[in-house]
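Below, each chain spelled out in residue letters.
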Amino acid sequence: MLTVDQARDRAAAIVHAARRAGADAADALVAADRSLDVSVRLGALEDVGRSESAELSLRVFCGKRGASVSTADFAPAALEALVERAIAMARAAPEDDWAGLAPAERLLHGAPPLLDLDDGIEPEPAALKALALAAEETARAVPGVTNSEGANAGASRAILALATSHGFAAGYASSSHSLSASVLAGDPGAMERDYAYSTARHAKHLDAAEAVGRLAGERAVARVGAGRLESGALPVVFDPRVGGSLLGHLIGAISGQAIARKTSFLLDALGTEVFAPGVTIHDDPHRPHGLRSRPFDGEGLAVSPVEIVRAGVLETWLLDSASARQLGLEPTGHAARGGAGVGVAPSNLYMAAGHLPRETLIGEIERGVYVTELIGMGVNGVTGDYSRGAAGFLIERGEITRPVSEFTIAGNLREMFRALTPANDLEFRYGINVPTLRVDALTVASG
């Protein structure tokens, strides 16, 4: 696999070649990764997968015209042809007043911040197999578990480097380790499935295999005998592993592209109270060994922690350079490269913990539902209308009681955000993290 220096030099070289061939400006991203995954099922090895890949993405600009291309072929002749093709495409493209590189004065200068994203550990298949077997064995030992979908352990290492024609060239390495287990409980014809997983930049930060397996087993057993709900307006409590999806809908609504195209239900919301006053939402790209930490954004801009929502008030859009120009604003350091294109994405996004203990948040509910699984993507980003299938547990007189499934929760995200209350149990386990969340008076309909 390429080293960071090699990836950076290749990105810089093709940018130089594009300029030499006639491009007014250019940038290039080189991404390489190597991964190993081991799967087991019912105590036996099921699969070992190893992969390695590298890709180069090039953007060129000829005046106000631009084009993007990508390749996995690093041969000199192939790269030369790539440059020629990109410039020909750019010259034939329509003019775009917002096209161009990010502002030079906003580029990251000096050494990238040290975020401790790479532990340098690339485990052997035998070690990953042992982890997966331990997780599955513990899950299957939970009373009530009757079958297994298996367990998986994996490790990967990635290199990312970016170069621009106006003075930026840098890269970094990151590692990732994961462990998961999925099991079934109940009798044939009425089985319930659930899972647990752990992901970390450093192998030493993974949850113990036994803890992952035990949680997967207990979750599956708890779902056995799921019944139906009566339809009506009920308080809904979102478990942290599904509650983060609400922040995902927020990010889609405040992305620069959605605002510039006027396709967001939060179009006129900047500077207004979008959430309840007790809600603050952070984005922290500098979190040490964070799952989405990064020293610079997808256009080479310096990044820094930001409060997206402060005490309920929406403080910023998420802007790459093109959408920022279109809106007459400054880019926010949230540009993200996806293949040859540029969009926006948060880094380590999280909602700050509230003041209520989880027990109190739930204990105040006379009758409601605790959601542990969401199904489908029935969300309209233009209107904010929200409707998703769900499963979880009934809440009665402040206690989580029996499992329920095959119901739909519906509302409007604007109203849901304003009615949202966070508990104080925030943990950093995922790319997007939230505490337990309660949203009052959603429409719950039995399937």
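Residues numbered from 1 in each chain as written. Predicted model: local features only at pLDDT ≥ 70, side-chain atom pairs only at ≥ 80, totals over all residues. Heavy atoms only, no water.

J.: I'd love a proper account of the overall build of the protein, names of residues and values included.
T.: If you tally the helices and strands in the protein, you get nine helices and 19 strands. Over its C-alpha atoms the protein spans a radius of gyration of 24 Å, differing by no more than 12% from the 22 Å that the globule rule assigns to 447 residues. If you line up the protein on its principal axes, its C-alpha atoms span 70 × 55 × 35 Å. Buried positions account for 49% of the 447 residues belonging to the protein. (Helix = DSSP H or I, 4+ residues; strand = E, 2+ residues; numbered from the N terminus. Rg over C-alpha atoms; globule rule 2.2 N^0.38 Å. Buried < 20%, exposed > 50% of the residue type's maximum accessible area, 1.4 Å probe, protein only.)

J.: Go over the side chain of threonine 316 with me, naming the residues and quoting the values.
T.: By the secondary structure assignment, threonine 316 is in the loop between strand S10 (313-314) and helix H7 (321-327). Sequence-distant contacts of threonine 316, defined by excluding residues within four places in its chain, comprise Ile254, Leu270, Val306, Glu307, Ile308 and Thr332. (Contact = heavy atoms within 4.5 Å.)

J.: Give a detailed account of the environment of glycine 333, specifying residues and quantitative values.
T.: As for its position among the elements, glycine 333 is in the loop between H7 and strand S11 (335-338). Sequence-distant contacts of glycine 333, defined by excluding residues within four places in its chain, comprise Arg294, Asp297, Leu301, Ala302, Val303 and Leu319.

J.: Quick one: what's the story with the sheet that holds strand S6 (residues 192-200), residue by residue and with numbers?
T.: The strand order S3-S2-S1-S4-S5-S6 describes an open sheet built from six strands, whose pairing is antiparallel. The open sheet is flanked by strand S3 (65-71) and S6, the only strands paired with a single partner. Between one strand and the next, the sheet's axes are offset by a mean angle of 20°, whatever the strand orientation. As defined by bridge partners, strand S1 (residues 25-41) adjoins strand S4 (residues 145-164) across 14 bridges and the pair is classed as antiparallel. Bridge pairing in S4 links aspartate 27 to threonine 164. (Pairing = 2+ DSSP bridges. Axes fitted to C-alpha atoms, helices over the stretch in contact; angles between N-to-C directions.)

J.: How would you explain the packing of aromatic side chains if you had to name every residue and give the values?
T.: Summed over the entire model, instances satisfying the criterion amount to seven aromatic pairs. Between phenylalanine 275 and phenylalanine 417, the aromatic rings sit 4.4 Å apart at their centres with planes inclined by 20°, giving stacked as the arrangement. Of the two residues, phenylalanine 275 sits in the loop between helix H6 (256-260) and strand S8 (281-283) while phenylalanine 417 sits in helix H9 (residues 413-418), which places them 142 residues apart along the sequence. Summarising the burial analysis for this pair, phenylalanine 275 and phenylalanine 417 share the class buried. Aromatic ring contacts, followed pair by pair, group Phe168, Tyr172 and Phe296 into a single cluster. The ring centre of tyrosine 195 lies 4.9 Å from the NZ or CZ of arginine 241, which sits over that ring. (Phe/Tyr/Trp six-rings, centres within 6.5 Å; stacked < 30°, edge-to-face > 60°. Lys NZ or Arg CZ within 6 Å of the ring centre and 35° of its normal.)

J.: Explain helix H5 (residues 240-254) residue by residue, including any values.
T.: Count 3.6 residues to each turn of an α-helix, and residues three or four apart come out pointing the same way. The first and last C-alpha atoms of H5 sit 22 Å apart over 15 residues, in line with the 21 Å expected at 1.5 Å per residue. Summarising burial for H5: twelve of the 15 residues are buried, a large majority. Along H5, the positions that sit buried rather than exposed are Pro240, Arg241, Val242, Gly243, Gly244, Leu246, Leu247, His249, Leu250, Ile251, Ala253 and Ile254. (Expected span 1.5 Å × (residues − 1).)

J.: Requested: an account of the side chain of arginine 223, with residues and values cited.
T.: For arginine 223, the position within the fold is in the loop between helix H4 (209-222) and strand S7 (232-238). Not counting the four nearest positions on each side in its chain, arginine 223 is found in contact with Glu192, Arg193, Asp194, Glu373, Ala391, Phe393 and Pro403.

J.: I'd like a description of the nonpolar core, backed by residues and values.
T.: Soluble globular proteins: nonpolar side chains tend toward being buried together. One finds Phe238 and Phe275 to be the most contacted residues of the largest nonpolar core, which totals 48 residues. In terms of residue count, the dominant contributor to this core is H5 (seven residues). Sequence-distant contacts of phenylalanine 275, that is, excluding residues within four places in its chain, are made with Leu250, Ile281, Val309, Gly312, Met351, Phe417, Arg418 and Leu420. Counting 29 residues, the second-largest nonpolar core is a separate cluster that includes Leu2, Val60, Ile87 and Ala163. (Core = buried A, V, L, I, M, F, W, Y, C linked by side-chain atoms within 4.5 Å.)

J.: Describe in detail the pairing of S4, supporting the description with residues and values.
T.: Strand direction decides the pairing type here: S4 and strand S5 (residues 169-185), joined by 17 bridges, are antiparallel. Considered in S5, the bridge of isoleucine 159 is made with alanine 173. Taken together, S4 and the strand that follows it, S5, pair antiparallel across an intervening segment of four residues, in which glycine 167 is found at a positive phi of about 115°.

J.: Describe the packing of helix H1 (residues 4-20) against helix H2 (residues 76-92), listing the residues and the values that go with them.
T.: At a closest axis distance of 10 Å, the pairing of H1 and H2 adopts a crossing angle of 50°. With respect to each other, H1 and H2 are oriented oblique. As H1 packs across H2, the resulting crossing turns out to be right-handed. Facing H1, whose interface residues are Ile14, Ala17 and Ala18, H2 presents Leu79, Leu82, Val83 and Ile87. For the contact of H1 with H2, a count of residues per class yields seven nonpolar, no polar and no charged. (Parallel < 35°, antiparallel > 145°, perpendicular 65-115°, else oblique. Left-handed = near helix turned anticlockwise from the far one by under 90°. Nonpolar A, V, L, I, M, F, W, Y, C, P; charged D, E, K, R; others polar.)

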